[in-house]
Amino acid sequence: MKKILMIDDDKVSLSTAKGVLGDDHKLIAVLNGMQGLKFLEKNECDLILLDINMPGMNGFETLVEIRKNEKNANVPVIFLTSDNDAATETKCFESGAMDFISKPFVPSVIRSRVNRTLELEDYRAALASKLDQKTKEIEKITTKSYTDALTGLWNREYTERKVNELLEAGIDGSLFMIDLDNFKSINDHYGHQEGDRVLCMFADTLREFTCEEDVICRIGGDEFVVFLSNKTDCAEIANIAGNMIASLNQRIQDMKFDVRTSVSIGISIAKVDGEDFSKLYSCGDKALYYVKNNGKNAYRFFSDNVIEEQKRALQKVDLTYLGEILSRSDSGHGAYMLDFESFHHIYKFLKRFVERESTKVVSVLFNAVQANISNPPTEDEIAEALDLLDQAIFSSLRRVDISTRYLSVQTIVMLLETDVDNGEKVVERIISNFNKLYNGDKIKLEYSLAQVKSRSNKE
């Protein structure tokens, strides 16, 4: 039974309405606006019948006070009035009423208008409920598409969009590129389930060092990104990074793994190193790369790279000293394994070299593809296979050949002083060595091979 509150100082109107509506609805009658407001403070109703012409507080004034309470914001109201002019009718609807009923009441009119209004309100409430449910479902789907399934952190797509939004809104901050050093050894020695447990612990630790306005992301594998909003002071950032590394290292030790796993962080600062996510990501990645190649288990600002390069530019060295410095990272055997940026520069050099000399160069693109549709590999299994491919390439090639990891499933190789026929033989050797190293059945290698052409000999 619907509950109707009727606010009217006319006792005859109250009695008439009770006689017409009382059998089908519960009618509560009060004599003025203040009594109606007091009732609504502690009670709810499905419809309000509100007289316009009342002493003290008229109907329009009473409705304004009713709407101030959020719980009464959507309760339908029908005005009661003896004024039948167009101005009064217009004001009723402009005030937010669903309908109005003229006095003196005609029983069939008041019954039909009340019932119609209640039916419309039920329909509106049902639609609002469905809309709210659909909105929550869409929000849930959207959130799921933007989060990492394992850790619950944001993925790269969301992070890039969110960080750019913060920067465009004038919010500065610092971006951490974070990597678990030697994480693969945990998967190798203890299994992927334990590796997943470490990644979840890693994510929880990052949450402890961040606030609600910060953005935490798992890029993939053991790579994470953190954007600390409104933090650009180097001393403060360094303190956070140092404590983050110490905490993560301690927790890894507490997990009793008999492997050396640590944490490396590269840091870039908004406005100083870049004004969008892409630039900050690139600078942070360069700083991380330095840490990974200089002992790991530390943090470094991209600005430190810049300062070091500036200092190096001011130093004068002889060729003997320079040769010693450059040869320190040369292991003396196998192909050169480069990051993509360095590879890109060398590739452009080789293109120019081919154009000027008769030297032949062959490029090979390896793709790690899914071998079995019904049993797809995980990200960690793909990463492990690509690491084994790197080993096979390194052991199969000469020192003059170069290689780089292009994407998470692709590796590029440049074979110097080689034609296509010999390149095919080299590829067969690489694949053979890979198959000896890789014991799984989820990934297979595909490749494409081409002669690097100069402008003068393009077919």
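Residues numbered from 1 in each chain as written. Predicted model: local features only at pLDDT ≥ 70, side-chain atom pairs only at ≥ 80, totals over all residues. Heavy atoms only, no water.

Student: Can you walk me through the confidence of the model for the protein chain in this structure?
Tutor: Any segment with low pLDDT has predicted coordinates that should not be analysed in fine detail. Averaged over every residue, the pLDDT of the protein chain is 85; residues scoring 70 or more account for 88%. Per-residue pLDDT, averaged within each element of the protein chain, yields its smallest value for helix α12 (residues 319-327) (56) and its largest for strand β8 (residues 223-229) (95). (pLDDT = per-residue confidence, 0-100. Helix = DSSP H or I, 4+ residues; strand = E, 2+ residues; numbered from the N terminus.)

Student: Even after reading the chapter, I still don't get the pattern of salt bridges, so can you show me in this structure?
Tutor: It is possible for side chains bearing opposite charge to pair when their charged atoms get close. Summed over all chains, the structure comprises 18 salt bridges. The partner of Lys-103 in a salt bridge is Asp-51, and the shortest N-O contact between them spans 3.2 Å. Separated by 52 residues along the polypeptide, Lys-103 in the loop between β5 (99-102) and α5 (107-145) and Asp-51 in strand β3 (residues 47-51) bring together distant segments of the chain. Among the ionic contacts, a cluster of salt bridges with common partners joins Asp-8, Asp-51 and Lys-103. (Salt bridge = Lys/Arg side-chain N within 4 Å of Asp/Glu carboxyl O.)

Student: Sorry, what's going on with the sheet that holds β5 here?
Tutor: Within a sheet, neighbouring strands are paired by backbone hydrogen bonds and run either parallel or antiparallel to one another. Taking strand neighbours across the sheet as the criterion, the 5 strands line up as β2-β1-β3-β4-β5 in an open arrangement whose pairing is parallel. Looking at which strands have only one partner, the edges of the open sheet turn out to be β2 (26-30) and β5. Between one strand and the next, the sheet's axes are offset by a mean angle of 20°, whatever the strand orientation. Across the sheet, helix α2 (residues 33-42) lies against β1 (3-7), β2 and β3, angled at about 155° from β1, the strand it touches most. (Pairing = 2+ DSSP bridges. Axes fitted to C-alpha atoms, helices over the stretch in contact; angles between N-to-C directions. Contact = heavy atoms within 4.5 Å.)

Student: Looking at this structure, how should I read the environment of Phe-277?
Tutor: Here Phe-277 is to be found in helix α10 (residues 277-292). As for Phe-277 and Lys-162, which are separated by 115 residues in sequence, their C-alpha atoms are 9.1 Å apart. Leave out the neighbours within four places in its chain, and Phe-277 touches Arg-156, Thr-159, Glu-160, Val-163, Asn-164, Leu-167, Leu-175 and Val-225.

Student: Can you walk me through the pairing of strand β6 (residues 173-181) in this structure?
Tutor: Within β6, 9 of the 9 residues are buried, which leaves the element mostly enclosed by the surrounding structure. Of the two faces of β6, the one holding Gly-173, Leu-175, Met-177, Asp-179 and Asp-181 and the one holding Ser-174, Phe-176, Ile-178 and Leu-180 are both buried throughout. Relative to strand β9 (residues 262-269), β6 is paired through 8 bridges, and the arrangement is antiparallel. Among the inter-strand pairings, Asp-179 is bridged to a residue of β9, identified as Ser-264. (Buried < 20%, exposed > 50% of the residue type's maximum accessible area, 1.4 Å probe, protein only.)

Student: Whenever I open this one, the sheet that holds β6 confuses me. Can you help?
Tutor: In spatial order, the strands read β7-β8-β6-β9-β10; together these 5 strands make up an open sheet with mixed pairing. This sheet does not close on itself; its edge strands, each paired only once, are β7 (215-220) and β10 (299-301). When the angles between neighbouring strand axes are averaged without regard to direction, this sheet yields 20°. Here β7 pairs with β8 via 5 bridges, running antiparallel. Residue Ile-216 lies in a different strand from β8, and its bridge partner there is Val-226. Contacts from helix α9 (residues 234-254) reach β6, β8, β9 and β10 within the one sheet, and its direction differs from that of β9 by about 160°.

Student: Would you explain the environment of Pro-104 in this entry?
Tutor: Its place among the elements puts Pro-104 in the loop between β5 and α5. Given the relative accessible area of 73%, Pro-104 is considered exposed. Linking Pro-104 and Thr-81, residues 23 residues apart in sequence, is a C-alpha distance of 8.6 Å.

Student: Please explain helix α4 (residues 86-94) as it appears in this structure.
Tutor: Helical geometry: 3.6 residues make up each α-helical turn, so side chains three or four residues apart lie on a common side. The N-capping residue of α4, defined by a side-chain oxygen 3.3 Å from the backbone nitrogen of Ala-87, is Asp-85. Following α4 by one or two positions, Gly-96 has its phi on the positive side, about 105°. (Polar contact = N/O pair within 3.5 Å; in protein donor to acceptor, adjacent residues only side chain to side chain.)

Student: Just checking my understanding: could you explain the side chain of Ser-262 for this structure?
Tutor: Checked against the element boundaries, Ser-262 lands in strand β9. Look at Ser-262 and you get buried, because its relative accessible area is 10%. Side-chain polar atoms of Ser-262 contact the side chain of Asp-181, separated by 2.7 Å. Excluding anything up to four places from it in sequence, Ser-262 contacts Asp-179, Leu-180, Asp-181, Asn-249, Lys-296 and Asn-297.

Student: Got a minute to help me understand the packing of helix α6 (residues 156-168) against α10 in this structure?
Tutor: Packed helices, taken two at a time, are described by their axes: the angle between them and the distance between them. Here α6 crosses α10 at 110°, and the two axes come no closer than 9 Å. As the angle between them shows, α6 and α10 are arranged roughly perpendicular. Across the interface between the two elements, Arg-156, Thr-159, Glu-160, Val-163, Asn-164 and Leu-167 of α6 pack against Phe-277, Leu-280 and Tyr-281 of α10. In terms of residue class, the contact of α6 with α10 is built from 5 nonpolar, 2 polar and 2 charged. (Parallel < 35°, antiparallel > 145°, perpendicular 65-115°, else oblique. Nonpolar A, V, L, I, M, F, W, Y, C, P; charged D, E, K, R; others polar.)

Student: Would you take a moment to explain the packing of helix α14 (residues 379-396) against helix α15 (residues 420-437) for this structure?
Tutor: The geometry of α14 relative to α15 is characterised by a closest axis approach of 8 Å and an angle of 130° between their N-to-C directions. One finds that α14 runs oblique with respect to α15. By crossing handedness, the relation of α14 to α15 is classed as right-handed. Contacts between α14 and α15 pair Ala-385, Leu-388, Leu-389, Gln-391, Ala-392, Ile-393, Ser-395 and Ser-396 from the former with Arg-429, Ile-430, Asn-433, Phe-434 and Leu-437 from the latter. Among the residues making up the contact of α14 with α15, the classes are represented as 8 nonpolar, 4 polar and 1 charged. (Left-handed = near helix turned anticlockwise from the far one by under 90°.)

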